[in-house]
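# Architecture at a glance
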Amino acid sequence: MEKKLVFIFNPKAGKGKIKTSLMEIVDIFNKGGYEVIIRATQAPRDAYEQVKKYADQVDLIVCSGGDGTLDEVVTGITEVGSNVPIGYIPAGSTNDFANSLFMPKNMLDAASMIMDGEIYKCDVGRFNHQTFAYVAAFGLFTDVSYETSQDLKNILGHLAYVLEGAKRLLDIKSYHMKVVTESGVIEDNFIYGMVTNSRSVGGFKNLTKDVVMNDGLFEVTLIVQPKNPLEMQEIIRNLLSMEDNSDLIYSFKARKLTIEADEAVAWTLDGEYGGSPEVVEIENLKQALNLRLRSAQ
Ligand SMILES: Nc1ncnc2c1ncn2[C@@H]1O[C@H](COP(=O)(O)OP(=O)(O)OP(=O)(O)O)[C@@H](O)[C@H]1O
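Residues numbered from 1 in each chain as written. Predicted model: local features only at pLDDT ≥ 70, side-chain atom pairs only at ≥ 80, totals over all residues.

For the rest of this paragraph, the subject is the overall build of the chain. On a plain count of helices and strands, the chain comes out with eight helices and 17 strands. Restricting the contact set of the chain to residue pairs at least 6 apart, pairs at least 24 apart contribute 77%. (Helix = DSSP H or I, 4+ residues; strand = E, 2+ residues; numbered from the N terminus. Contact = placed C-beta atoms within 7 Å.)

A few words now on the site of the ligand. Lining the immediate environment of the ligand, one finds 21 residues, of which Ala 13, Gly 65, Gly 66, Gly 68 and Gly 92 sit closest. The element contributing the most residues to the shell around the ligand is helix H4 (residues 67-80), with four residues. Looking at side-chain class alone, the shell around the ligand contains four nonpolar, 12 polar and five charged residues. (Near = placed C-beta within 6 Å. Nonpolar A, V, L, I, M, F, W, Y, C, P; charged D, E, K, R; others polar.)

Moving on, we come to the domain arrangement of the chain. Often, the extent of an interface is quoted as the loss of accessible area upon association of its parts. As far as domains go, the chain holds domain 1 (3-116) and domain 2 (132-287). The partner domain 2 presents 17 residues to the 12 residues of domain 1 that form the contact. Elements with a minimum of two residues in the side of domain 1 that touches domain 2: H4 and helix H5 (96-100). Per element, the largest residue contribution to the side of domain 1 that touches domain 2 is five residues, and it comes from H4. Taken together, the residues that form the side of domain 1 that touches domain 2 break down as four nonpolar, five polar and three charged. (Domains from an automatic or database assignment.)

Turning our attention to the packing of helix H3 (residues 46-54) against H4. It is the contact of H3 with H4, at a shortest axis distance of 8 Å, that shows an interaxial angle of 35°. Crossing of H3 against H4: the hand is right-handed. Together, Ala 47, Tyr 48, Val 51 and Lys 52 of H3 and Thr 69, Glu 72, Val 73, Thr 75, Gly 76, Ile 77, Glu 79 and Val 80 of H4 make up the contact between the two elements. Here the contact of H3 with H4 is built from residues that sort into six nonpolar, three polar and three charged. (Axes fitted to C-alpha atoms, helices over the stretch in contact; angles between N-to-C directions. Left-handed = near helix turned anticlockwise from the far one by under 90°.)

Turning next to the environment of Asn 197. Mapped onto the elements of the fold, Asn 197 is located in the loop between strand E9 (184-196) and strand E10 (200-201). C-beta crowding within 10 Å serves as the criterion here: with 26 such atoms nearby, Asn 197 is assigned to the buried category. Not counting residues within four places of it along the chain, the set of residues in contact with Asn 197 comprises Asp 123, Gly 125, Tyr 134, Met 213 and Phe 218. (Buried ≥ 20, exposed ≤ 12 C-beta atoms within 10 Å, placed from the backbone.)

Let us look at helix H6 (residues 107-116). Within H6, burial applies to Met 107, Ala 110, Ala 111, Met 113 and Ile 114. Seen from one end, H6 has its buried residues packed into an arc of 160°, which puts them on one side. Along its buried surface, H6 packs onto helix H2 (22-31), strand E3 (60-65), strand E4 (86-90) and strand E17 (279-293). (Arc of directions from axis to C-beta.)

This part covers the environment of Met 194. Its location among the elements puts Met 194 in strand E9. Residues Met 194 and Phe 97, 97 residues apart in the sequence, show an inter-C-alpha distance of 15 Å. Residues contacting Met 194, with those up to four places away along its chain left out, are Val 135, Ala 136, Ala 137, Val 201 and Thr 221.

Turning our attention to the packing of H2 against H6. H6 packs onto H2 with a crossing angle of 15° between their chain directions and a minimal axis gap of 9 Å. Here H2 lies roughly parallel to H6, going by the angle between them. The hand of the H2/H6 crossing is right-handed. On the side of H2, the interface is formed by Glu 24, Ile 25, Ile 28 and Phe 29, while H6 contributes Met 107, Leu 108, Ala 111, Ser 112 and Met 115. A class-by-class count of the residues in the contact of H2 with H6 yields seven nonpolar, one polar and one charged. (Parallel < 35°, antiparallel > 145°, perpendicular 65-115°, else oblique.)

A separate point is unusual backbone geometry. In this structure, Asp 270 is a non-glycine residue whose phi angle is positive, near 55°. Relative to the helices and strands, Asp 270 is located in the loop between strand E15 (267-269) and strand E16 (272-273). Exposure remark for Asp 270: the 27 C-beta atoms within 10 Å place this residue in the buried category. Within the chain, Gln 287 stands out as a residue other than glycine whose phi angle is a positive 55°. Looking at where Gln 287 falls in the secondary structure, it is placed in strand E17.

Here we come to the nonpolar core. Leu 5, Ile 8, Ile 61, Cys 63, Val 73 and Ala 136 are the most contacted members of the largest nonpolar core, which has 78 residues in total. The biggest single contributor to this core is E17, with six residues. Ignoring sequence-local partners within four residues, the contact set of Ala 136 consists of Gly 125, Phe 127, Met 194, Val 195, Trp 267, Leu 269, Gly 274 and Ile 282. (Core = buried A, V, L, I, M, F, W, Y, C linked by C-beta atoms within 7 Å.)

In this section: the pairing of strand E7 (residues 135-139). Within E7, five of the five residues are buried, leaving the element largely enclosed by the surrounding structure. In this sheet, E9 lies alongside E7 in antiparallel orientation, the contact comprising five bridges. When the bridges of E9 are listed, Phe 138 appears paired with Gly 193. (Pairing = 2+ DSSP bridges.)

On to the environment of Gly 193, then. As for its placement among the helices and strands, Gly 193 is situated in strand E9. Residues Gly 193 and Tyr 88 lie 105 residues apart in sequence; the distance between their C-alpha atoms is 27 Å. When residues no more than four places from it in sequence are discounted, the contact partners of Gly 193 are Ala 137, Phe 138, Gly 139, Thr 221, Leu 222 and Ile 223.

Given below as structure tokens:
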């Protein structure tokens with residue numbers, strides 16, 4: 001019997017990037033021996049619903065879109081606990097996750113890679129009862145009203161810019177938090193934090209080096225509230241040079257974190273609003289996602 005594949009794409013992602021490639025992508029899948037079910041997402045959460053619907057009916061799920069679509073697919077597949085392999089054709093604007101896994105930038109090359117590739121077991125993040133593919137973050141512009149965009153583009157560059165522009169240190173919102181990991185407890189006032197499984201976030205290289213996407217460990221970056229202009233300059237300098245040579249920036253690896261704040265804190269998960277909990281438990285689900293990737297990975 002012919003193998004079955006469902007292709008779920010966001011027609012709006014990356015300004016409708018799929019438009020010029022859809023026919024050729026389907027052709028590549030057919031040549032790869034798959035009968036193809038095609039679903040264009042109609043609204044937010046549609047990719048999530050489609051994944052849940054098709055997970056046990058197909059041999060492969062391929063999705064195309066930006067971070068939001070990827071997040072929905074990873075969430076859907078994790079929730080149903082399916083082992084069905086996933087292929088991803090990036091169509092967003094920054095594609096940190098895809099770049100971290102050295103996926104081809106060209107959509108047709110990505111489609112061919114999915115056909116020829118092998119299973120790569122990639123880590124996934126659990127955030128309380130939700131799932132994220134590569135970034136959970138709080139603070140700064142993730143705190144502004146969720147009516148506005150949760151754009152992750154150049155997130156740390158943006159942070160440096162906001163700090164430079166802040167007229168008074170007290171204008172920068174901070175959160176008193178207790179962060180517990182397997183290696184200890186950190187308690188401080190933080191203006192920004194991110195828990196990632198990615199070599200870059202918002203196109204900005206991760207401050208933590210030697211990122212491995214299937215080691216069961218997150219890269220964690222926490223930025224302390226500066227207490228004076230000198231400290232502020234120190235943080236900005238480190239962010240702009242993409243180095244962590246400062247006691248005001250914690251960067252480390254962790255498998256599991258519990259973060260307790262004194263107040264509700266708004267989080268973003270892969271660039272989508274993730275709720276405003278006071279207590280967050282984040283756990284690395286080691287190698288939980290079966291990704292189809294180039295064999296050389
Ligand atoms: N037909 C649709 N109309 C409106 N929104 C949609 C539709 N289909 C999907 N969405 C939603 O659009 C949001 C953004 O999608 P996605 O991340 O795929 O693209 P993008 O924003 O262009 O990518 P990037 O963030 O990488 O630039 C997601 O939350 C997704 O659920």
